[in-house]
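Summary of structural features
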Amino acid sequence: MNGRQEIQNERRNEQTYGIFVQKLKGDGTMSTTSSFIVKDVTNNFKDFEEDFFRLYRTLYGDLDQLRFKERLYRHANPLVLLAFSEEQLVGFKIGYEAEPYRFYSWAGGVHPDFQKHGIGRKLMDTQLEWVEAQGFHSIRTKARNTNKGVIILNLLCGYDIMGAYTEDGEPRIMMEKQLNS
């Protein structure tokens, strides 16, 4: 583990992170809105894996769960945010440290029955607040060109388009947001 990773791990456990979460809700565990809650489940993701993978398959089709978990946990400073409406998992936002001072927002989505209610925006805002509190200088993401809603949401949240490329025969858009660190 390099020095940057050690500092990030300490911050996750220090008061800085406690203040960040407290600012969201006040009790140090979750943020709330009128109809859903967003929880940081990074340290207990295993408790939610079954529901998470069910939602992921609903949104994106089948996936290799083992490969997904390996990718998530081989990177430093992962963040797993889940959104719930009552007890039902309805959305997620996942990322990790891609390189020193740059966070990669890797995966996210909201169940179709719960879209257009601000859940995706709340997940993104919560992720951005956490990333800034951890001292990252930028956050990067990519989206399929066909996912116009995600591209628009990223642009509304201050991301800039960095370029386009093709992956698996499908056009993708790379976006990045500079942070005040």
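Residues numbered from 1 in each chain as written. Predicted model: local features only at pLDDT ≥ 70, side-chain atom pairs only at ≥ 80, totals over all residues. Heavy atoms only, no water.

The name recorded for the protein in an unreviewed UniProt entry is GCN5-related N-acetyltransferase, from Exiguobacterium sp..

Here strand β6 (residues 138-144) pairs with strand β8 (residues 170-178) via seven bridges, running antiparallel. Paired with Arg144 across the bridge in β8 is Arg172. By the bridge criterion, seven bridges tie strand β7 (residues 160-167) to β8 in an arrangement that is antiparallel. Each bridged residue has a counterpart across the sheet, and for Ile161 the counterpart in β8 is Met175. (Pairing = 2+ DSSP bridges. Helix = DSSP H or I, 4+ residues; strand = E, 2+ residues; numbered from the N terminus.)

Interaxial distance between helix α3 (residues 49-60) and helix α4 (residues 65-74) falls to 12 Å at its minimum, and their mutual angle equals 110 degrees. Comparing their axes, α4 and α3 come out roughly perpendicular. Here Glu49, Phe52, Phe53, Tyr56 and Arg57 of α3 lie close against α4, whose contacting residues are Gln65, Phe68 and Lys69. Residue classes in the contact of α3 with α4 are distributed as four nonpolar, one polar and three charged. (Axes fitted to C-alpha atoms, helices over the stretch in contact; angles between N-to-C directions. Parallel < 35°, antiparallel > 145°, perpendicular 65-115°, else oblique. Contact = heavy atoms within 4.5 Å. Nonpolar A, V, L, I, M, F, W, Y, C, P; charged D, E, K, R; others polar.)

So, about the side chain of Glu97. If you trace the backbone, Glu97 turns up in strand β4 (residues 88-99). The exposure class of Glu97 is buried, given its relative accessible area of 5%. A distance of 2.4 Å separates a polar atom in the side chain of Glu97 from a polar atom in the side chain of Asn77. (Buried < 20%, exposed > 50% of the residue type's maximum accessible area, 1.4 Å probe, protein only. Polar contact = N/O pair within 3.5 Å; in protein donor to acceptor, adjacent residues only side chain to side chain.)

On to the pattern of salt bridges. Side chains that carry opposite charge are capable of pairing whenever their charged atoms lie near each other. The full count for this structure, using the stated rule, is 10 salt bridges. Of the charged contacts, one joins Glu170 and Arg144 as a salt bridge, the two residues approaching to 3.4 Å between their closest N and O atoms. Taken together, the residues Glu170 in strand β8 and Arg144 in strand β6 connect sequence positions 26 residues apart. Here Arg172 makes a salt bridge to Glu167, at a shortest N to O gap of 3.8 Å. (Salt bridge = Lys/Arg side-chain N within 4 Å of Asp/Glu carboxyl O.)

It is worth spelling out the pairing of strand β3 (residues 76-85) at this point. Burial of β3 is extensive: 10 of the 10 residues sit out of reach of the surface. Across four bridges, strand β2 (residues 37-40) lies against β3 in antiparallel orientation. Its bridge partner being in β3, Val38 is matched across the sheet by Ala83. As paired elements, β3 and β4 share eight bridges and run antiparallel to each other. Of the residues in β4, the one forming a bridge with Ala83 is Gly91. Two successive antiparallel strands, β3 and β4, enclose a turn made up of two residues, where Glu86 displays a positive phi of approximately 55 degrees.

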